[in-house]
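A look at the structure
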Amino acid sequence: MTRLWNFSAGPAALPEAVLRQAQEEMLDWHGAGCSVMEMSHRGNEFTAIIEQAEADLRELMGIPEQYKVLFLQGGATQQFAQIPMNLLAGRSADYIVTGSWSKKAFKEAQRVGTVRCAATTESSHFTRLPVAEEIKLDPFAAYLHVCTNETIHGVEIPAERIADTGVPLVADMSSHILSRPVPVEKFGLIYAGAQKNIGPSGLTLVIVHRDLLGMAPLSIPTVMDFAVMAENGSMLNTPPTYAIYIAGLVFKWLKAQGGLAGMAAVNDEKARLLYQTIDNSGGFYTNPVDPDCRSAMNVPFTLANPELDAAFLADAKAAGLLSLKGHKSVGGMRASIYNAVSLAAVQALTDFMNDFAKRNG
Ligand SMILES: *Cc1c(COP(=O)(O)O)cnc(C)c1O
């Protein structure tokens, strides 16, 4: 068995220690006599698993008591609809569009109700953040939606750029949640699909301030109502039990790495190394994003000569480096360097990139 260096954008690498523990516990979880996959979500064993997962997540992120943590299904894409269903309450909401994902969120919300684009950087090919003068906020908006890390375009909003605008801030953090400390109290709602930086696909985390619960009209389906889900401890119906269990193991692993501050230190080092390799390649590789908002998790880059793309990917695969092909909408390459991607993996990648450039430059 060989595990290669995995730069997949999602579903993405998981910590090997977590997979090994899951393997060990696969057939018989802690003497329960069955797998986590095979036990009732309402039994004592699974209740302990989900409660521990929530407690560890709260500790890791410093989630204040007045926020509910929901373990949902449907992916971040379902949240593009579920959030306006729950929070619009007949009003309008603002969206800042900084890449493909926030653009999708904005488009989907238009199917639900009234939303405005408060700023977009599409004319700059989503390579920067909007400056203050470009952002036209509605002071009466039900909420302001942002995507704090654009997975495809590699644009990340640094925490210190998150300003209080007077309306609840809603953030899609799918691809960088848990990568560094985040001031949860600045947000009304944080959501993330699990398969980038949390665990397996099928689980979606929603962290929501309790003041935002209970605004949904009665016309929305029960299963879509955040307040109902919160009242039922995310168990109105069967939750994605195995994904929650694995996420819980990831949370324990993160705590053992020094928590989110510990992860941030490693993630900064990984990102520094990769961007430095790109910037010092004499134009062989290029990342188009403004240095002040380059993502530490998703690093898109192009080769000056796109005719070398296929050789780059083939040679990378032969060197044990997986999933470096860029998203089709931006082309080129993308290395996703989530929490479970080690500094050694990024070193292997940058060694390969330097060597490839030397051989083909
Ligand atoms: C992957 C991703 C999504 C979509 O997630 P699904 O779980 O596939 O619906 C949405 N937003 C961001 C930022 C993402 O990275």
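Please read all numbers here as calculations on a predicted model, not as lab measurements. (Residues numbered from 1 in each chain as written. Predicted model: local features only at pLDDT ≥ 70, side-chain atom pairs only at ≥ 80, totals over all residues. Heavy atoms only, no water.)

1. Some remarks on the packing of helix α8 (residues 309-318) against helix α9 (residues 343-360)
- In the contact formed by α8 and α9, the axes pass within 11 Å of each other and the chain directions differ by 135 degrees. Taken together, the axes of α8 and α9 lie oblique to each other. For the pair α8 and α9, the crossing hand works out as right-handed. Contacts between α8 and α9 involve A311, F312, D315 and A316 on the former and, on the latter, F352, M353, F356 and R359. (Axes fitted to C-alpha atoms, helices over the stretch in contact; angles between N-to-C directions. Helix = DSSP H or I, 4+ residues; strand = E, 2+ residues; numbered from the N terminus. Parallel < 35°, antiparallel > 145°, perpendicular 65-115°, else oblique. Left-handed = near helix turned anticlockwise from the far one by under 90°. Contact = heavy atoms within 4.5 Å.)

2. Remarks on the pairing of strand β12 (residues 298-303)
- Among the 6 residues of β12, 5 are classified as buried, and the element is accordingly described as predominantly covered.
- Bridging between β12 and strand β14 (residues 333-336) involves 4 bridges; their strand directions are antiparallel. What sits directly across from P300, in β14, is R334. (Buried < 20%, exposed > 50% of the residue type's maximum accessible area, 1.4 Å probe, protein only. Pairing = 2+ DSSP bridges.)

3. As for unusual backbone geometry
- Note the cis peptide between G10 and P11, where omega equals -10 degrees.
- Looking at the secondary structure, you find P11 in the loop between β1 (5-6) and α1 (16-24).
- The phi angle at H125 is positive, at roughly 55 degrees, despite the residue not being glycine.
- Positive phi is not limited to glycine here, since F126 has a value of about 55 degrees.
- Judged by its relative accessible area of 5%, F126 is buried.

4. Thoughts on the site of the ligand
- Close to the ligand lie 13 residues; T77, T151, D172, Q195 and K196 are nearest.
- The side chain of T151 places a nitrogen or oxygen atom 2.4 Å from an oxygen atom of the ligand.
- Between the ligand and the protein, one listed contact pairs an oxygen atom with a side-chain N or O atom of Q195 at 2.9 Å.
- Taking 390 Å² as the accessible area of the ligand by itself, protein coverage stands at 86%.
- A total of 4 residues in the shell around the ligand trace back to one element, the largest contributor, which is helix α3 (residues 75-87).
- Class assignment of the residues belonging to the shell around the ligand gives a composition of 4 nonpolar, 7 polar and 2 charged. (Near = heavy atom within 4 Å. Polar contact = N/O pair within 3.5 Å; in protein donor to acceptor, adjacent residues only side chain to side chain. Areas by Shrake-Rupley, 256 points an atom, 1.4 Å probe, with all protein chains shown as cover. Nonpolar A, V, L, I, M, F, W, Y, C, P; charged D, E, K, R; others polar.)

5. Describing the domain arrangement of the protein chain
- By the assigned domains, the protein chain splits into domain 1 (17-256) and domain 2 (259-360).
- Taking only C-alpha atoms into account, the centre of domain 1 sits 27 Å from that of domain 2.
- With 26 residues of domain 1 in contact, the opposing surface of domain 2 contributes 25 residues.
- Regarding the contact of domain 1 and domain 2, the summed buried area is about 2100 Å², with carbon and sulfur atoms giving 56% of it.
- Our enumeration of links across domain 1 and domain 2 arrives at 2 salt bridges.
- Of the charged contacts, one joins D292 and R161 as a salt bridge, the two residues approaching to 3.2 Å between their closest N and O atoms. (Domains from an automatic or database assignment. Buried area = accessible area lost by both parts, 1.4 Å probe. Salt bridge = Lys/Arg side-chain N within 4 Å of Asp/Glu carboxyl O.)

6. Topic: the sheet that holds β12
- Spatial ordering of the open sheet is given by β11-β12-β14, a layout of 3 strands whose pairing is antiparallel. At either margin of the open sheet sits one strand with a lone partner, and together these are β11 (285-286) and β14.

7. Points about the packing of aromatic side chains
- Per the stated rule, a full pass over the model turns up 13 aromatic pairs.
- On the basis of an interplanar angle of 55 degrees and a centroid distance of 5.2 Å, the ring pair of Y242 and Y245 is categorised as tilted. With Y242 and Y245 both in helix α6 (residues 241-256), this residue pair falls 3 residues apart, about one helical turn. Of the two residues, Y242 and Y245, neither departs from the other in class, the shared state being buried.
- Members of the aromatic cluster, connected to one another through ring pairs, are F284, Y285, F301, F312, F352 and F356.
- Taking NZ or CZ as reference, K196 lies 5.5 Å from the ring centre of W101, over its face. (Phe/Tyr/Trp six-rings, centres within 6.5 Å; stacked < 30°, edge-to-face > 60°. Lys NZ or Arg CZ within 6 Å of the ring centre and 35° of its normal.)

8. Some details on the sheet that holds strand β8 (residues 169-172)
- Strands sit in the order β2-β10-β9-β8-β5-β3-β4 across an open sheet of 7 strands; the sheet is mixed. This sheet does not close on itself; its edge strands, each paired only once, are β2 (67-72) and β4 (114-120). Between one strand axis and the next, the sheet turns through 20 degrees on average, direction left out of account.
- Relative to strand β10 (residues 204-209), β2 runs antiparallel, the two being bridged by 6 bridges. Following the sheet pairing, K68 is matched in β10 by V208.
- Of the strands in this sheet, β2 and β10 are in contact with helix α2 (residues 44-61), which crosses β2 at around 130 degrees.

9. Focus: the environment of F187
- Position of F187 among the secondary structure elements: in the loop between β8 and β9 (189-193).
- The exposure class assigned to F187 is buried, which follows from its relative accessible area of 4%.
- Placed 170 residues apart in sequence, F187 and A17 show a C-alpha to C-alpha distance of 32 Å.
- Here F187 is in contact with Y67, I162, L169, A171, M173 and V182, once residues within four sequence places are set aside.

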